[in-house]
Structure formats: structure tokens, C-alpha cells
Amino acid sequence: DAIVQLPFFTAAKNKIDEVIEVRIAEMGGFTDIYIKGKQLNIGFDKKAYSHTLSKAQSKNSTTVTIDIPEMLKEFGYRDNDTSHYVKLYAQLMDDLYKMEISYTSPSGVRFHGRLINEFSEPVDGISVVDFGGFFQQLMFSHQYFSRLNYLEDRIKGGVASVLKEKLD
């Protein structure tokens, strides 16, 4: 859950299109957390990232193939906006690829790396994403790693969904 709840998602309508740095002393047992990257929104960016992460979790794999039009159908988005969202997805993956993150785990292991190891530009609405070492380390080494339910039927608003995640 922590990698979805990281503080680089913003509820602001106008997100900052520049690189920001965030330092957190402690969060959920993780210490010395450092994040450097662009802010992402809690609307499409968070949904698409959560969807991609959930697919990797369900496959127990660091690499996942994402069918963007299918993802948009799951979100309830209109078909005529597909090309727009394919571009947004490619930008999101690029922003996640460029983002740096480091932390010390509750067991004392230090990690420094990227949220996305590599990704392919979408071709015909299909993209391949590899989370790499960051995801693999979390999936296989942390006892509190949990699965995502990236679509919450009862809560529609971005801020409300983030609040529910934090309360959960």
C-alpha cells in the first residue's frame, strides 16, 4: 500500500510540472524516505499506476502487459478519449521511470532506485511495464506487503479514495 500512498500524488487541479523533492523521517516503519520526481494527480495517474501495480501483483511478476483501452473500460471512461489517455499513460510511465526513491526498511535494509525499471511506449494501446528491483524487493521481502484493490466501487472521488486508503 505504501508505494501507492506515497506523497507524490496531489489533489490539486494544477499540478507542478517540475521536479520536487520530499523527505520523510518515518512512515509505516520505513525511515529516511527520500522521493524526487514530478507530482502526479490522484485522478488518472493514481488509478493507472494502481491498476498497473495490481496487475503485477496478481501475476506475482515484476513485468506486466497493460492493455490501455481495456484499463479505461474498467475505469468507466469513454472510448472516444482513448488516444488522449494513451498519451497520459505514456507520460505517467515516463514520470515514474524518472522518479527516484530511497528508504530504509523496518528490517534495516537500505534501498535506492526507481519505481519503474523500464517500460515500452504504447503501441496499439498496449504497453509493457517492468517494476524491477523495487517492486520485487517489496513483494518478496517485506512482511506487510499487501495486495491492492485498485477499483473501489463505493468511493468515486480522488481525495476520498486516498483518505479511505490511509484509514484502511
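Data block above holds the structure.
A short tour of the structure in this document, coming up. (Residues numbered from 1 in each chain as written. Predicted model: local features only at pLDDT ≥ 70, side-chain atom pairs only at ≥ 80, totals over all residues. Heavy atoms only, no water.)

1. Considerations on the overall build of the protein
A tally of regular secondary structure across the protein gives 6 helices and 9 strands. Here the protein holds 168 residues, and the buried ones make up 42% of them. Pairs at least 24 residues apart make up 64% of the contacts formed inside the protein by residues separated by at least 6 positions. For the protein, the computed accessible surface area is about 9,300 Å², with 50% contributed by carbon and sulfur atoms. (Helix = DSSP H or I, 4+ residues; strand = E, 2+ residues; numbered from the N terminus. Buried < 20%, exposed > 50% of the residue type's maximum accessible area, 1.4 Å probe, protein only. Contact = heavy atoms within 4.5 Å. Areas by Shrake-Rupley, 256 points an atom, 1.4 Å probe, with all protein chains shown as cover.)

2. A look at the pattern of salt bridges
Inspection of every chain in the model, using the stated rule, returns 5 salt bridges. Two residues, E21 and R23, come together in a salt bridge whose shortest N-O distance is 3.9 Å. A salt bridge links R78 to D81, with the nearest nitrogen and oxygen atoms 3.2 Å apart. (Salt bridge = Lys/Arg side-chain N within 4 Å of Asp/Glu carboxyl O.)

3. Describing the sheet that holds strand β9 (residues 126-130)
Taken together, 3 strands build an open sheet; the order of strands is β5-β9-β8 and the sheet is antiparallel. Looking at the sheet topology across the chains shown, the edges are occupied by β5 (63-67) and β8 (118-119). On top of the sheet, helix α2 (residues 44-59) reaches β5 and β9; it is set at about 130° to β5, its chief contact. (Pairing = 2+ DSSP bridges. Axes fitted to C-alpha atoms, helices over the stretch in contact; angles between N-to-C directions.)

4. Things to note about the pairing of β9
Where β5 lies against β9, 5 bridges are found, and the strand directions are antiparallel. Its bridge partner being in β9, I66 is matched across the sheet by S127. Between β8 and β9, which pair antiparallel in sequence order, lie 6 residues; one of them, D124, sits at a positive phi of approximately 55°.

5. Overview of helix α4 (residues 82-98)
The end-to-end C-alpha distance of α4, which contains 17 residues, comes to 24 Å, matching closely the 24 Å that a straight helix rising 1.5 Å per residue would cover. Here α4 has its buried residues at Y85, V86, Y89, A90, L92, M93, D95 and L96. (Expected span 1.5 Å × (residues − 1).)

6. Quick word on helix α3 (residues 68-75)
Those residues of α3 lying buried are I68, M71, L72 and F75. Burial along α3 is one-sided: seen end-on, the buried residues are contained in an arc of 100°. On its buried side, α3 packs onto α2, β5, α4 and β9. Of the residues one or two after α3, G76 is the one with positive phi, at around 85°. (Arc of directions from axis to C-beta.)

7. A short note on the side chain of S102
With respect to the element layout, S102 can be found in strand β6 (residues 100-104). Note on S102: relative accessible area 3%, which makes it buried. A distance of 3.1 Å separates a polar atom in the side chain of S102 from a polar atom in the side chain of R110. The contact partners of S102, leaving out residues within four places of it in the chain, are D32, I33, Y34, R110, F111 and H112. (Polar contact = N/O pair within 3.5 Å; in protein donor to acceptor, adjacent residues only side chain to side chain.)

8. Brief notes about the sheet that holds β6
The sheet built from 4 strands is open, its strands ordered β2-β3-β6-β7 with antiparallel pairing. Strand pairing shows two members of the sheet lacking a second neighbour, β2 (19-27) and β7 (110-114), which therefore form its edges. On average, adjacent strands in this sheet sit at an angle of 10° to one another, irrespective of strand direction. Together, β3 (30-38), β6 and β7 form the strand contacts of α4, whose direction differs from that of β3 by roughly 135°.

So yeah, pure geometry; function would need other evidence.
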